[in-house]
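What follows is each chain in one-letter form.
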Amino acid sequence: MTDAVGRVLGSEHTSTREFRVAIGEDHYLQLDDLVVVETQVPGRGQVNTYGVVTEVEAVYEGASFESDTFRIAEQGSMPGAAVRSARVSVTRVDPELWVAPNPGGLVERATGEARDKALYTDEMSRPLPVGLARDGLPVFVDLDFFDGRKGGHMSVSGISGVATKTSFALFFLRMLTGRSDIVGDAGKNLRVLVFNVKGEDLLWLDKPNKDFSEGDAEKWRVLGVDPSPFPSVSLWAPPRPRSGDVAVPDTAGRQDVAVFAWTPREFIDEGLLPFVFTDASDTRNQILFVAERVEAQLRRYAVDVAGVPGAVVLRDPAEGHGPGSLVTPNRGERVIETLSDLVDALEEFLDPNDGEPDQRWTGRVQPGTVSAFMRRLVAAVIRLGHLIRAGESRRIDRSAAQVTVVGIQSLHDLGQRFVVGALLREAFAEKEKSGQRFPLSVVVLDELNKYAPRDGQSPIKDMLIDIAQRGRSLGVLLVGAQQTASRVAPEVLENAAIRVTGRLDAAEAERPEYGWMLPSTRARARLLKPGTMVISQPAIPVPLVVDFPFPPWATRKEEVAEGDDPFEGL
Amino acid sequence: MTRLFVEGWAPEYGASIEPDENLRAAEGSVDVEVEQRPWEPIPGVDDGIPKVAFVDGVRRIDARLVLDEPTGPIPGICGSYAVGAVLWDRVECRSEVIEATTTRLAVLAGGHVPELPVLDYGLTFDGISVADDDPASLVRAFHDAMRRAEAHLAEELAQGGYFVVADGPLYEYTETDKMGYVKSHRRAYLPPEQAPLLGELGASQRTPLFAIGEGRYRRFSWYLRLVDRAGGHSWSGIARCEASAGLGTEVAARLADRSAAVLPLVASEGHIDPRAPQNLVPIAALEKDLRHGLGDAGLVLRALRKAMGAAA
């Protein structure tokens, strides 16, 4: 009873969900503190009630009017004592005998074993630290609920800028990749795909941060991870448009970034055409129908060209070329080396200047639909044309490093969706084919509301829903982030076992998507500082507030620690 | 064996008496020449007294008892009283309730001392008796016990260096810095020639001292006005104070000056206290605290009923 901080308040009812604590004069409780109360239950013995402080209050006892405050504090003419109390939400009753704690019961700070019980750490088979509580000790999530054993996926919400969604996602990844002692088999050959959608924040994950302090390092050590940047990172960026034959990464700050692109052959084989039509308005007409048909036809018609790797010509399969055959283009025959070439080639089938569209390519759709299809295709040439070019394969090699960062920040919206769609398809298809859960593949995607919006249909949304629903068993895990969960397809959200929010907009916090938060947590979510998150997981019935430490890796060029300069000493 | 019963009637029923009124039946002559100064308002003087103690008590009749004697029923009461003080530290600007004690008494008439069985919730009633069997003297004995406890506490604090303001008339007249504070006026003490001065008193002003009572009940008294009359009648905001005559005129006048300056500082306000301004803020708070200390009336009555029912 050394850690007693007060007693269960007896002037109002206690319940199995909540009770209040009158705090002793020489003690204090703050938000998120963990406490335990022992209750003797007749015939059943001792029951421990564990809880987390959700609010603390203080009042002048003896003051019945507001103005009494002055009489007590200033004039001193009225006797009155400040009484402090705390509101506690019950996290656990152990053994599970649902009785309310007795009024007057001695309330202790939950430390050591009691803390583990309060946070269910004792029941977690693989507790992975996901942040620090107010007492400076780690808070855990049960990894079984992330890696697919009992649940999968994570959803992170919060206002842009102050909610630090991406920072938290990366922190989580660092925990996942750094604590192989806990992750176990699931961590072997773990592959992470991260999209950098804004700025170039994530292109420095392998560089130390010069603002990283010893105090921060201490926090990382408490979490059991060596405070160092990500050890294994490969960086990818699209080629700079109009850069000619030389593939230069389209990045501002960092140049040692690999360039990715697809050859026309890869574009056709992997069926990437539908990902060009991801605008919400594309689904209201039959454009996707045309796209699917064209895609199928392309597969049949495309033939590799000798001497130009990745390029194709379109020939009628009736001419008898088999898969893998190489042909030399005939004089005047169009060699498809870019998306622009492909569009020109398709125009001859779909919208020829002289004559009718070829119904084998268009199907029986209105001529207007074909025109709309072509219009969008032409527009796409400008926006993402530079992503498709013949030549050596520049596909993103996700097995090159543990963390693959794909920078799509420089791309137009349409281009971003195309890249995300193409890579998700690739990652998912790979796992579908192998049928194995391991090695795990984790995808971090910010602005999920853009890719899986609540309303409308798109090939990416369909795929994300598919990943959310089936990915768990296939080992494809989505860490989705969004400003507002209410704008994301509910199927994607509902399948996320672990939910996290940073600071929320006041109106957003009241939406049913955040029903997992306590009323007090919702109120607090409007005030959360950067670096503080609310985490909900199936294993614990109340959401927990945690801090995560400053990252040891840089998030901007200016943050890269001196001494990591490759030209040093020259 | 004779049995003790709790009367079925609620304790509030019964003789309505104000013991203080009965105690002070004869006041004798009033001497308005004590201070030997013109009969006009005197402004209060705040001598910066650092420590003031307000002493008060509250009481409640918890149950009425009947002792079933063969010769006839013997009446009795069970009551609780609480006595305490508020210490006002004027230098540090803070007040605290101290020495709040609750006492529970069972009083039987006709010289019988009640013996109460063990009660729930750890309640204990001390038994006392009165000689006669007048129901009024039961309450009076109970009330006197409380007044004695108040006087005892007041005396202790006064000797400890506090300026003591005791709620109600003084009970014990000793030569310490102690004054009684009477907020209601059932009787006008001043002769008709002097009485009009009351109407002329401004805020924080007092009347000259006047002596009341005879022999060992002789004491000095004065009226003071706590707040501006502001259109009220001539008795509004007036309180009567008294101090032991044994203090001598000079000391009593000093207490009077001080009270006229200091007490208005803690006068209550009309929108907050129905007995404003005379019900001083520390005393009101103390009463609330003490009343709280008496415990829940229903629970006490239930414990008494249960214990006496069980004794049968």
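Each chain has its residues counted from 1, following the order in which its sequence is written. All chains are assigned letters beginning with A, and all ligands numbers beginning with 1, in the order in which they are written. Side-chain atom pairs in this predicted model are given and counted only at pLDDT of 80 or more, local residue features only at pLDDT of at least 70, and totals for whole chains, interfaces and linings cover all residues.

Let us now look at the overall build of chain B. In terms of helices and strands, chain B carries six helices and twelve strands. When we talk radius of gyration, it's over C-alpha atoms, and the globule rule is simply 2.2 Å times the number of residues to the 0.38. By the compact-globule yardstick of 20 Å for 312 residues, chain B fits well, its C-alpha radius of gyration being 21 Å. Projected onto the principal axes, the alpha-carbon positions of chain B cover approximately 70 × 45 × 40 Å. Put plainly, a residue is buried at 20 or more neighbouring C-beta atoms within 10 Å of its own, exposed at 12 or fewer, and partly exposed in between, counting only other residues' C-beta atoms, which are placed from the backbone. Out of the 312 residues belonging to chain B, those deemed buried represent 42%. Note on contacts: each residue gets a C-beta atom placed from the backbone, and two residues are in contact if those atoms are within 7 Å. For chain B, the share of sequence-separated contacts (at least 6 apart) that also reach a separation of at least 24 residues comes to 65%. To qualify as a helix, a DSSP run of H or I must reach at least 4 residues; to qualify as a strand, a run of E must reach at least 2; elements of each kind are numbered from the N terminus.

Of regular secondary structure, chain A possesses 16 helices and 21 strands. Here the contacts in chain A between residues at least 6 apart in sequence split such that 72% fall between residues at least 24 apart.

To continue, consider the sheet that holds strand E6 (residues 106-109) of chain A. Residue and element names in this part refer to chain A. Any two strands between which DSSP finds at least two bridges are classified as paired. One closed barrel holds the six strands; their spatial order is E1-E2-E5-E4-E3-E6, and the pairing between them is antiparallel. Each adjacent strand pair in this sheet contributes to an overall mean axis angle of 40 degrees, direction not counted. As judged from the three bridges shared by strand E1 (residues 4-8) and strand E2 (residues 18-23), these two strands associate in the antiparallel manner. Paired with arginine 7 across the strands is alanine 22, a residue of E2. Interaxial angles span 0 to 180 degrees and are taken between N-to-C directions of axes, which are lines fitted to C-alpha atoms, for helices over the stretch in contact.

What follows is about the packing of helix H10 (residues 367-384) of chain A against helix H11 (residues 413-434) of chain A. All names here are of chain A. For the pair H10 and H11, interaxial distance at closest approach is 8 Å and the crossing angle is 85 degrees. Judged by the angle between their axes, H10 and H11 are roughly perpendicular. Two secondary-structure elements touch here, H10 through Ala380, Arg383 and Leu384 and H11 through Leu414, Gly415 and Phe418. Looking at side-chain class alone, the contact of H10 with H11 contains four nonpolar, one polar and one charged residues. Angle categories: roughly parallel below 35 degrees, roughly antiparallel above 145, roughly perpendicular from 65 to 115, and oblique for all the rest. In this classification, Asp, Glu, Lys and Arg are treated as charged, Ala, Val, Leu, Ile, Met, Phe, Trp, Tyr, Cys and Pro as nonpolar, and every other residue, Gly included, as polar.

Let us now look at the interface of chain A and chain B. Opposite the nine residues of chain A that make contact, chain B presents 16 residues. Partitioned by chemical class, the residues of the side of chain A that touches chain B number three nonpolar, four polar and two charged.

Moving on: the domain arrangement of chain A. All names here are of chain A. Residue ranges assigned to the domains are those given by an automatic or database domain assignment. Split into domains, chain A comes out as domain 1 (4-116), domain 2 (127-250 + 401-555) and domain 3 (264-387). The gap between the C-alpha centroids of domain 2 and domain 3 is 35 Å. Listed by partner, the interface residues are 20 residues for domain 2 and 13 residues for domain 3. Taken together, the residues of the side of domain 2 that touches domain 3 break down into eleven nonpolar, six polar and three charged.

Once that is clear, we can look at the sheet that holds strand E15 (residues 326-327) of chain A. Residues and elements named next belong to chain A. Pairing within the open sheet is mixed, and its three strands lie in the order E14-E13-E15. At either end of the open sheet lies a strand with only one pairing partner, and these are strand E14 (312-314) and E15. Sheet topology places strand E13 (residues 302-305) next to E15; two bridges connect them, and they run parallel. Bridge pairing in E15 places valine 305 opposite valine 327.

Before going further, it helps to examine helix H8 (residues 339-350) of chain A. Residue and element names in this part refer to chain A. What a helix should span is 1.5 Å times the count of its residues minus one. End to end, H8 covers 16 Å across twelve residues, agreeing with the expected 16 Å (1.5 Å per residue, within 8%). Taken as a whole, H8 has its buried residues at Leu339, Asp341, Leu342, Ala345, Leu346 and Leu350. What you see down the axis of H8 is that its buried residues fit within an arc of 160 degrees, all on one side. The arc in question is formed by the directions pointing from the helix axis toward the C-beta atoms.

Omega for the bond connecting aspartate 94 of chain A with proline 95 of chain A falls within 30 degrees of zero, at -5 degrees, which places this linkage in the cis form. One can find proline 95 of chain A in the loop between strand E5 (81-94) and E6. Here the bond from alanine 276 of chain B into proline 277 of chain B is cis, since omega is -5 degrees, no more than 30 degrees from zero. With respect to the helices and strands, proline 277 of chain B occurs in the loop between helix H4 (249-262) and helix H5 (281-293). Residue tyrosine 120 of chain A is not a glycine yet carries a positive backbone phi of 60 degrees. Inspection of the secondary structure puts tyrosine 120 of chain A in the loop between helix H2 (113-118) and strand E7 (127-132).

With that out of the way, let us pick up the nonpolar core. Within the largest apolar cluster, 156 residues are counted, with the highest numbers of intra-cluster contacts made by Val35, Val405, Val443, Val444 and Val479 of chain A. When near neighbours in sequence (up to four residues on either side) are disregarded, valine 444 of chain A contacts Ala169, Leu173, Val192, Leu193, Val194, Phe195 and Val479 of chain A. Connectivity within a nonpolar core runs through C-beta atoms within 7 Å, and the core itself is a set of buried Ala, Val, Leu, Ile, Met, Phe, Trp, Tyr and Cys residues.

Once that is clear, we can look at the packing of helix H7 (residues 287-301) of chain A against H10 of chain A. Residues and elements named next belong to chain A. Two numbers describe how H7 lies on H10: the axes approach to 9 Å, and their chain directions differ by 75 degrees. As far as their axial angle goes, H10 and H7 are roughly perpendicular. Where H7 abuts H10, its residues Ile287, Val290 and Ala291 lie against Thr369, Val370, Ala372, Phe373 and Arg376. Grouping the amino acids of the contact of H7 with H10 by side-chain chemistry returns six nonpolar, one polar and one charged.

Let us now look at helix H13 (residues 459-474) of chain A. All names here are of chain A. The first and last C-alpha atoms of H13 sit only 20 Å apart over 16 residues, clearly below the 22 Å expected at 1.5 Å per residue. Consider a residue and the seven residues that end there alongside the seven that start there; fitting an axis to each set, the bend is the angle between those axes. Roughly 45 degrees is the biggest bend found in H13, and it falls at alanine 468. The set of residues buried in H13 consists of Pro459, Ile460, Lys461, Met463, Leu464, Ile467, Ala468, Gly471, Arg472 and Leu474. Tucked into the core, H13 has its buried residues touching strand E9 (152-157), H11, helix H12 (448-451), strand E18 (476-482) and helix H14 (490-494).

Residue and element names in this part refer to chain A. Taken together, the eight bridges between strand E3 (residues 34-41) and strand E4 (residues 45-61) define a ladder with antiparallel strand orientation. Following the sheet pairing, glutamate 38 is matched in E4 by asparagine 48. In textbook terms, the turn of a hairpin is the stretch between consecutive antiparallel strands, and for E3 and E4 this stretch comprises three residues, one of which, glycine 43, has a positive phi near 80 degrees. Relative to E6, E3 runs antiparallel, the two being bridged by three bridges. What sits directly across from valine 36, in E6, is glutamate 108.

Now for the environment of alanine 141 of chain B. Residues and elements named next belong to chain B. Relative to the helices and strands, alanine 141 is located in helix H2 (residues 135-159). Among the residues examined, alanine 141 registers 20 C-beta atoms within 10 Å and is labelled buried. Spatially, the C-alpha atom of alanine 141 lies 7.8 Å from that of valine 107, the residues being 34 residues apart in sequence. Once you skip the residues sitting within four places of it in the chain, alanine 141 turns out to touch Val107, Ile128 and Val130.

With that settled, the discussion passes to the environment of histidine 271 of chain B. All names here are of chain B. Structurally, the position occupied by histidine 271 is in the loop between H4 and H5. The exposure class assigned to histidine 271 is exposed, which follows from the 9 C-beta atoms found within 10 Å. Once the C-alpha coordinates of histidine 271 and proline 191 are considered, the two residues, 80 residues apart in sequence, prove to be 34 Å apart.

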